[in-house]
Amino acid sequence: DAGVTQSPTHLIKTRGQQVTLRCSPKSGHDTVSWYQQALGQGPQFIFQYYEEEERQRGNFPDRFSGHQFPNYSSELNVNALLLGDSALYLCASSLRSDTDTQYFGPGTRLTVL
Amino acid sequence: QKEVEQNSGPLSVPEGAIASLNCTYSDRGSQSFFWYRQYSGKSPELIMSIYSNGDKEDGRFTAQLNKASQYVSLLIRDSQPSDSATYLCAVNTFSGGSNYKLTFGKGTLLTVNP
């Protein structure tokens, strides 16, 4: 039973660039949530997708956008990167009927120079 | 006011001792509470969930919930060096409509000394 997978593992970008991160949910899961975890902080909720639509969003600017595909996989896009966007980006999957139980992927470490 | 607060730590306990981790939350409507363990450089792993007032035990772990005091705790009995990690408290907080989102505390770093 495949767990949550994310790619790439690490990424280095420069300010102003754009980045796309990818996530495949755990087998059978239909809901994907994205989190940003800065060093020394807890994960912060970015947004959640199910049925290919953004269903709720945290306090993140419009530079952060996403997409969910028919196979439930998801992408997180960040435009106009800032130094402060450097963080571990976590994807978590769950069932729509039980969004309490979220399984996290290994994360993508983004460094913005 | 932060929505979920944890004692900042770091917390250091000797092997075999009881480690006590605490968390308070601000949203009185929250119904679901979680403890995640995060090893350095890894992603969070769910170790306990609790929904009702009182204690919930799972092996060496006991979660305690007091909704009146808006307080959640995690006790780790017979602590082992392998328990050394950051422990994140997470609460399902209302985010509008019929939606709830997971809100995390900053985490408490636990070190278990052999």
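Please read these numbers as outputs of a predicted model, since none were measured by experiment.

About the cut-offs
- Position numbers for residues start from 1 in each chain and track the written sequence from start to end.
- Just so you know, chain letters begin at A and ligand numbers begin at 1, following the order they were written in.
- The model is predicted, so local features are restricted to residues of pLDDT at least 70 and side-chain atom pairs to those at 80 or more, both for listing and for counting; the totals for chains, interfaces and linings are taken over all residues.
- Water and hydrogen atoms play no part in the side-chain values, which are based on all heavy atoms of the structure.
- Labels follow the DSSP assignment, with helices taken as runs of H or I lasting at least four residues and strands as runs of E lasting at least two, numbered in each case from the N terminus.
- For the radius of gyration, the atom set is restricted to C-alpha positions; the globular benchmark scales as 2.2 Å times the number of residues to the power 0.38.
- Whether two residues are in contact is decided by their heavy atoms, any of which lying within 4.5 Å being enough.
- For the accessible areas, the method is Shrake-Rupley and the probe is 1.4 Å, while residue cover comes only from the protein chains on display.
- All tallies of charge rest on Lys and Arg as positive and Asp and Glu as negative; His and the ends of each chain are not included.
- Charged groups are reduced to one reference atom each: NZ for lysine, CZ for arginine, CG for aspartic acid, CD for glutamic acid.
- Type-normalised accessible area, obtained with a 1.4 Å probe on protein chains alone, sets the label of each residue: buried when under 20%, exposed when over 50%, and partly exposed for intermediate values.

Caption draft 1: Local environment of the overall build of chain B. In terms of helices and strands, chain B carries 0 helices and 11 strands. If you list the helices and strands of chain B from N to C, you get β-β-β-β-β-β-β-β-β-β-β. For chain B, whose C-alpha radius of gyration is 14 Å, the value lies close to the compact-globule estimate of 13 Å for 114 residues. C-alpha atoms of chain B, sized along the principal axes, occupy 50 × 30 × 20 Å. Considering only contacts in chain B between residues 6 or more positions apart, those separated by 24 or more positions represent 53%. Carbon and sulfur atoms make up 47% of the accessible area of chain B, which totals about 5,400 Å². Treating the 10 positive side-chain charges of chain B as one cloud and the 10 negative ones as another, the clouds have centres 6 Å apart.

Caption draft 2: Local environment of unusual backbone geometry. Residue and element names in this part refer to chain A. With an omega dihedral of -5°, the bond running from Ser7 to Pro8 counts as a cis peptide bond. When you line up the elements, Pro8 lands in the loop between β1 (5-7) and β2 (10-13). Residues other than glycine seldom take positive phi values, yet Glu52 does so here, at roughly 65°. Here Glu52 shows up in the loop between β5 (44-50) and β6 (53-57). Judged by relative accessible area, which is 43%, Glu52 ranks as partly exposed. Non-glycine residue Tyr72 carries a positive phi angle of around 80°.

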